[in-house]
Amino acid sequence: IIAHRGGWGLWPQHTLDGYQRAVDLRVDALELDVRRTADGIMVVFHDRTVDRVTDGTGRVDALSFAQLQQLDAGYHWSSDGGTTHPFRDQGLQVPTLEQVLARFPQQHMIIELKSDGQAMAEQLCGLLRAHNHQERSIVASFHDDALTFFREACPEVATSASSSEAAYYWIL
């Protein structure tokens, strides 16, 4: 059982609270999407912009981590089509990948790189090594270059097939 975005649909996605609730349900793995802020902090966030999930606006990579921490990550979540918002003003924030790795050291994770940059791939590798999480993580991406860079930096960590590898396999 994989908690996609930490249990998206059951509670606000990609929050420490959501991940804790998923772990409490004894999921097999947490799925995380990672991006970098303007100041280079790796955060767990799916969308390119903060608009759909938080009370802010703008691209994640154009905001500093301090700016992200001012946003309410539970602001738009609703189980009843927007009639109520039970997680608003509950202190939910956008977490760093480091916070998630530190809080759930024994949890298996599927981590999706949302960018194809080499620096991001190397940063992810460094965080996985620093938290001794190489054998409990699988790294995925829809960006072929991201997986290439990550595999070069961190050959000891399992990865998904890239989009072109999956397509080639399907064709065969």
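Everything numeric here is computed off the predicted structure, so don't read it as measured data. As a convention, each chain's residues are numbered from 1 in the sequence order in which they are written. In keeping with the predicted nature of the model, local features appear solely for residues at pLDDT of at least 70, side-chain atom pairs appear and are counted solely at 80 or more, and the whole-chain, interface and lining totals rest on all residues. Here the side-chain values reflect all heavy atoms present in the structure, with hydrogen atoms and water set aside.

Student: Summarise the overall build of the protein chain; cite the residues concerned and give the values.
Tutor: Every helix listed is a DSSP run of H or I at least four residues long, and every strand listed is a run of E at least two residues long, numbered separately from the N terminus. Secondary structure assignment for the protein chain yields 6 helices and 6 strands. Written out in order from the N terminus, the α and β elements of the protein chain read β-α-β-β-α-α-β-α-β-α-β-α. Expected size for 172 residues packed as a compact globule is a radius of gyration near 16 Å; at 16 Å, the protein chain falls within 12% of this value. Each principal axis of the C-alpha distribution contributes one length, and for the protein chain these read about 50 × 35 × 35 Å. For the radius of gyration, the atom set is restricted to C-alpha positions; the globular benchmark scales as 2.2 Å times the number of residues to the power 0.38.

Student: So what about the packing of aromatic side chains? Which residues, and what values?
Tutor: Pairing of aromatic side chains requires ring centres within 6.5 Å, counting the rings of Phe and Tyr and the six-membered ring of Trp. Pairs whose planes differ by under 30 degrees are stacked, by over 60 edge-to-face, and all others tilted. Scanning all chains against the criterion turns up 1 aromatic pair. Sitting over a ring, as applied to charges here, requires NZ of Lys or CZ of Arg to be within 6 Å of the ring centre and within 35 degrees of the ring normal. The ring centre of W8 lies 3.8 Å from the NZ or CZ of R5, which sits over that ring. Taking the ring centre of Y75 as reference, the NZ or CZ of R88 above it sits at 3.7 Å.

Student: How would you sum up the pattern of salt bridges? Please name residues and give values.
Tutor: Basic side-chain nitrogens of Lys or Arg form a salt bridge, by our definition, when they fall within 4 Å of a carboxyl oxygen of Asp or Glu. All told, the structure shown has 6 salt bridges when counted by the stated rule. Here R59 and D61 are joined by a salt bridge, their closest N and O atoms 2.9 Å apart. Throughout this description, buried means an accessible area under 20% of the type-specific maximum (1.4 Å probe, protein chains only), exposed means over 50%, and partly exposed covers the range between. Among the residues examined, R59 registers a relative accessible area of 37% and is labelled partly exposed. The class for D61 is partly exposed, based on a relative accessible area of 40%. Here R129 makes a salt bridge to E156, at a shortest N to O gap of 2.7 Å. Taken together, the positions of R129 in helix 4 (residues 118-130) and E156 in the loop between helix 5 (144-153) and strand 6 (158-159) put the pair 27 residues apart, joining distant regions of the chain.

Student: Before we move on, can you summarise the nonpolar core with the specific residues and values?
Tutor: Take the buried Ala, Val, Leu, Ile, Met, Phe, Trp, Tyr and Cys residues and link them wherever side-chain atoms come within 4.5 Å; each set so joined is a nonpolar core. Ranked by size, the top nonpolar core spans 44 residues in total, and within it L97, L124 and F150 carry the most contacts. When residues of this core are traced back to their parent elements, those giving at least two are helix 1 (16-24), strand 2 (29-36), strand 3 (42-44), helix 2 (65-69), helix 3 (97-103), strand 4 (108-113), helix 4 and helix 5. Only heavy atoms enter the contact rule, under which two residues are in contact if any of them lie within 4.5 Å. Among all residues touching L97, those that are not within four sequence positions of it are L32, V34, M42, V43, V44, I111, L124 and L127.

Student: An account of the state of the cysteines is needed here, citing residue identities and associated values.
Tutor: A pair of cysteine sulfur atoms is labelled a disulfide when the two atoms are within 2.5 Å. Applying the stated criterion across every chain, the model contains 1 disulfide. Sulfur-sulfur distance for the disulfide between C125 and C154 comes to 2.2 Å. Here the S-S torsion is close to 80 degrees, and the disulfide linking C125 with C154 is therefore right-handed. On the criterion of sequence distance, the pair formed by C125 in helix 4 and C154 in the loop between helix 5 and strand 6 is long-range, its members being 29 residues apart. Of the residues examined, C125 reaches a relative accessible area of 2% and is grouped as buried.

Student: A description of the pairing of strand 4 should follow, citing residues and the corresponding values.
Tutor: Direction of pairing for strand 2 relative to strand 4: parallel, over a ladder of 6 bridges. Within the sheet, the bridge partner assigned to E31 lies in strand 4 and is I110. Strands are treated as partners if at least two bridges between them are detected by DSSP. Of the strand pairs in this sheet, strand 4 and strand 5 (residues 137-140) are connected by 4 bridges, and their pairing is parallel. Considered in strand 5, the bridge of I110 is made with I138. Seen with the strands pointing away from the viewer, any crossover whose path from the first strand over the helix to the second strand runs clockwise is right-handed. Crossover handedness for the path strand 4 to helix 4 to strand 5: right-handed.

Student: Residue-level account of unusual backbone geometry, with values.
Tutor: Phi is positive for R26, close to 65 degrees, though the residue is something other than glycine. Here R26 lies in the loop between helix 1 and strand 2. Overall, the relative accessible area of 73% leaves R26 in the exposed class.

So far we have only geometry, and geometry alone does not tell us how the molecule works.
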